[in-house]
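Here's the letter readout for the chains.
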Amino acid sequence: MTDQEINRAVQYVTASTSYGRDTVAEIVTTGLSEMTSVATQSSERFERDVLLEYVCQWTIKRTAQPEPLVREILGCASRWLDEVYEEVAKRQPEALGLSSDDGDDEGAEPV
C-alpha cells in the first residue's frame, strides 16, 4: 500500500470512530505493515481469518492499546486489510495456503 492509501484509510477510520487521528494512524499503520510483513516473509500458510487474528493480536501488543479499541479500528479498516490480503494472495499465493493457479485454469491438467 502507498502512503496515500494508508492516509485515506486513517482518515476514513478517524471519521467513522470517536478516536483521535494519532491513535488510529498508529493502529492502522501497525496492523497493515505487520500483515504485509508476515504474509510476504513467512513460509507458513495462512487463511484470511487466522492472519487477521494474528495481526490484531500483534497490533494490540505492539501499540499497547486495549483490545476493544484495536478490534474496532481494524474492523473499520477491514476494507484496506482485505486489499492487502488480496494483493499478497496475487503475489505469493503459497504464503496464504493457495496454489499458484487458484482461480486460473490456464496450465491446469485435465481431471
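Each remark here, short or long, concerns the structure printed above.
Residues numbered from 1 in each chain as written. Predicted model: local features only at pLDDT ≥ 70, side-chain atom pairs only at ≥ 80, totals over all residues. Heavy atoms only, no water.

Chemist: So what's going on with the packing of aromatic side chains? Which residues, and what values?
Modeler: Geometry of an aromatic ring pair is reported as the spacing of the ring centres plus the angle between the planes. Tallied over the full model, the rule gives two aromatic pairs. Considering the side-chain rings of tyrosine 12 and tryptophan 80, the 5.4 Å spacing of their centres and the 50° angle between planes classify their relative orientation as tilted. Within this pair, whereas tyrosine 12 is found in helix H1 (residues 3-16), its partner tryptophan 80 is found in helix H5 (residues 78-91), the two being separated by 68 residues in sequence. Of the residues examined, tyrosine 12 reaches a relative accessible area of 44% and is grouped as partly exposed. The interplanar angle of 25° and the centroid separation of 6.5 Å between the aromatic rings of tyrosine 54 and tryptophan 58 together place this pair among those described as stacked. Here tyrosine 54 pairs with tryptophan 58, and both are found in helix H3 (residues 48-63), just four residues apart, close to one helical turn. In this structure tryptophan 58 comes out as partly exposed when scored by relative accessible area, which is 30%. (Phe/Tyr/Trp six-rings, centres within 6.5 Å; stacked < 30°, edge-to-face > 60°. Helix = DSSP H or I, 4+ residues; strand = E, 2+ residues; numbered from the N terminus. Buried < 20%, exposed > 50% of the residue type's maximum accessible area, 1.4 Å probe, protein only.)

Chemist: Can you break down the layout of surface pockets residue by residue, with the values?
Modeler: If you roll a probe as big as a water molecule over the atoms, it shows you where there is empty space left. Roughly 200 Å³ of volume is contained in the largest pocket. Going through the elements one at a time, helix H2 (21-41) and H5 are the ones with two or more residues in the lining of the largest pocket. The dominant element in the lining of the largest pocket, judged by the number of residues it contributes, is H5, at seven residues. Here the lining of the largest pocket is composed, by residue class, of three nonpolar, two polar and six charged. (1 Å grid on protein atoms, 1.4 Å probe; cavity = no way out; pocket = protein on both sides within 12 Å on 5 of 7 lines; lining within 4 Å. Points joined across faces, edges and corners; volume = space filled by probe spheres on them. Nonpolar A, V, L, I, M, F, W, Y, C, P; charged D, E, K, R; others polar.)

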